[in-house]
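# Reading the structure
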2 protein chains.
Amino acid sequence: MTSRDSGTRTRKAPTERRQEIVRAAALVGLTEGLECITLRRVADELGVQPGLVSHYFPAADTLVAEAFTSATRAELDGLLPEGPAGPGHETPLSTLRRFFVLIAGTEFDNVSKLWLNARHLSRYRPVLRDHVVDQELLWCRRIEQLIAAGTGTRLFHCANPWAAAVRILVAIDGSSAYINTSAGARTDPISDLARTVAERELGLAPDTLATL
Amino acid sequence: MTSRDSGTRTRKAPTERRQEIVRAAALVGLTEGLECITLRRVADELGVQPGLVSHYFPAADTLVAEAFTSATRAELDGLLPEGPAGPGHETPLSTLRRFFVLIAGTEFDNVSKLWLNARHLSRYRPVLRDHVVDQELLWCRRIEQLIAAGTGTRLFHCANPWAAAVRILVAIDGSSAYINTSAGARTDPISDLARTVAERELGLAPDTLATL
DNA sequence: TCGGCAATTGGCCAGGTGACCAATAGCGGT
DNA sequence: ACCGCTATTGGTCACCTGGCCAATTGCCGA
């Protein structure tokens, strides 16, 4: 009576339905928070009964974890396209510039919130924790590859690309830690830090990464 | 029947009882997480009925917020004693050294978890959010004072103590972001970053802050 | 000493959660 | 064309939460 699609029951291929559920859960997690990923919430996002979600994910933890992975993997692909070379004629420097411009934008706010959310929730949910660790490593490796590409062409000067990538990510995560609290205040020194650390780690002149 | 103190009802002064409740809640929040601060959990921590906690804190949000403030304020006083000069014959440099040694220790882990916890929970709880913002400013100001004291005696060289304090805190918060996930891996580049940033911001030679 | 105020009790409620299950109905294979 | 597998339904269950309230009882002041 309350559902708009009352009566119409559409049956989909298991893999397709499963993917659909994960995507819906990822959207909920990204916009409202991972703790809002409940069987019922995801269910009426899809116009479906809670039991169906429960059928594909007998344990809700698994859905939360997969939703997180789905969201962050997609985001990373948007920030730093895979592969040693970018799609067009891009240098590691221009890719890195674009990366810093993107993460400074307000569209990245939800992603910052998601990471914060996931890192805290990992305290209680081992399954999620494993996925978060995997994604942390993935993001770090992606940056490391970019740095390695840049040092190869003498654009960057960096003895240890892995350590540099770790430190850049620490600075980024530190900056986005305040997304739910002091986001409005003290923005200048905060948002600058990640870029500054990157420039220092890669032997770039100050403000090299500031603009496109 | 289930409570060990069944029958014995001790009546305390309102302010004392209230403080007792906040302290118990702070302990629960610090060790188990802020979402574990429930009326019942705090109540049987004190061997008391849930309704009593509910009486002093009609809204649970307020208790959570006050518990967070209580815990972090106590921790800050342990890390950086108030006042321009330390208790003994301490220089700003030795105080800062002790600070970095303390936050690198495992005793600080629960505090890192608490900050992460609070920053995420602030997304949903405005009351907590206000308290977190206050504490962020307090911690920042405390560090700023220390830096200012150091620049006064030419120990530190720093044009903008406030911006330096902000950046040092960003680095610290970035380092502690992984406390629930990759705490074990990649520790070296991570834990180094905060100290390195501080040394650079204050014009200190590398590794100056590494040991006592 | 004793009365009354308020701290404290102990129980209630509605709402939300994950997990579970029998019954139904859509769809692919024969 | 139809039959069987299974995706999907729709409901139930126990559990835990915060908020609420009348009754009780400890303690302070008169």
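Reading guide: rules and limits
- Residues numbered from 1 in each chain as written.
- Chains lettered and ligands numbered in written order.
- Predicted model: local features only at pLDDT ≥ 70, side-chain atom pairs only at ≥ 80, totals over all residues.
- Heavy atoms only, no water.
- Near = heavy atom within 4 Å.
- Polar contact = N/O pair within 3.5 Å; in protein donor to acceptor, adjacent residues only side chain to side chain.
- Helix = DSSP H or I, 4+ residues; strand = E, 2+ residues; numbered from the N terminus.
- Nonpolar A, V, L, I, M, F, W, Y, C, P; charged D, E, K, R; others polar.
- Contact = heavy atoms within 4.5 Å.
- Buried area = accessible area lost by both parts, 1.4 Å probe.
- Salt bridge = Lys/Arg side-chain N within 4 Å of Asp/Glu carboxyl O.
- Least-squares fit on C-alpha atoms with pLDDT ≥ 70 in both.
- UniProt positions renumbered as here; feature names shortened; annotations may be inferred.
- Axes fitted to C-alpha atoms, helices over the stretch in contact; angles between N-to-C directions.
- Parallel < 35°, antiparallel > 145°, perpendicular 65-115°, else oblique.

Chain A goes by TetR family transcriptional regulator in an unreviewed UniProt entry, where it is assigned to Streptomyces jumonjinensis.

This next bit is on the protein's contact with DNA strand D. As a structural note, the neighbourhood of DNA strand D is formed by 22 residues, with R17(A), Q49(A), Y56(A), R9(B) and R11(B) the closest of them. At 2.8 Å from a phosphate oxygen of DNA strand D is found a side-chain nitrogen or oxygen belonging to Q49(A). A distance of 2.9 Å separates a base oxygen of DNA strand D from a polar side-chain atom of R9(B). Among the secondary structure elements, those contributing two or more residues to the surface near DNA strand D are α1 (14-31) and α3 (50-56) of chain A together with α2 (39-46) of chain B. At four residues, the largest contribution of residues to the surface near DNA strand D is made by α3(A). Residues of the surface near DNA strand D, tallied by class, amount to nine nonpolar, six polar and seven charged.

Take the protein's contact with DNA strand C next. Lining the immediate surroundings of DNA strand C are 22 residues, of which R9(A), R11(A), K12(B), Q49(B) and Y56(B) lie closest. Those atoms of DNA strand C that come within 4 Å of the protein belong to sugar or phosphate at a rate of 65%. A distance of 2.8 Å separates a base nitrogen of DNA strand C from a polar side-chain atom of R11(A). Elements that contribute at least two residues to the surface near DNA strand C include exactly α2 (39-46) of chain A together with α1 (14-31) and α3 (50-56) of chain B. Tallied by class, the residues present in the surface near DNA strand C amount to eight nonpolar, six polar and eight charged.

On the chain B side, the residues contacting the 42 residues of chain A number 42 residues. For the chain A and chain B pair, buried surface summed over both sides reaches about 3600 Å², with 60% attributable to carbon and sulfur atoms. At the boundary of chain A with chain B, the tally comes to zero salt bridges. Counting the contacts that link chain A with chain B gives 24 residue pairs in polar contact (both at pLDDT 80 or more). Breaking the side of chain A that touches chain B down by element, the ones donating at least two residues are α1, α6 (109-121), α7 (126-152), α8 (161-175) and α9 (187-201) of chain A. In terms of residue count, the dominant contributor to the side of chain A that touches chain B is α8(A) (ten residues). Here the residues of the side of chain A that touches chain B are counted per class, giving 19 nonpolar, twelve polar and eleven charged.

Okay, the relation of the copies chain A and chain B next. Between chain A and chain B, the superposition needs a rotation of 180° and an axial shift of 0.0 Å, giving an RMSD of 0.0 Å. What the superposition gives is, in effect, a two-fold axis relating one chain to the other. Within chain A, G174(A) has its C-alpha nearest the rotation axis, a separation of 1.7 Å.

A few words on the UniProt feature "domain: HTH tetR-type" (unreviewed entry) in chain A. Per the UniProt record, "domain: HTH tetR-type" (unreviewed entry) is annotated on residues 15-75 of chain A. Between the C-alpha atoms that bound residues 15-75 of chain A the distance is 22 Å, and the span itself is 79% helix and 0% strand.

With that settled, the discussion passes to the UniProt feature "DNA-binding region" (unreviewed entry) in chain A. Mapped onto the present numbering, the UniProt feature "DNA-binding region" (unreviewed entry) falls at residues 38-57 of chain A. Helix makes up 75% of residues 38-57 of chain A and strand makes up 0%, while its end C-alpha atoms are separated by 11 Å.

To continue, consider the packing of α1(A) against α6(A). All names here are of chain A. At their nearest, the axes of α1 and α6 sit 8 Å apart, and the two run at 95° to each other. Classed by the angle they form, the pair α1 and α6 counts as roughly perpendicular. Of the residues in α6, those touching α1 at G29, L30 and T31 are N110, V111 and L114. When its residues are assigned to classes, the contact of α1 with α6 shows three nonpolar, three polar and no charged.

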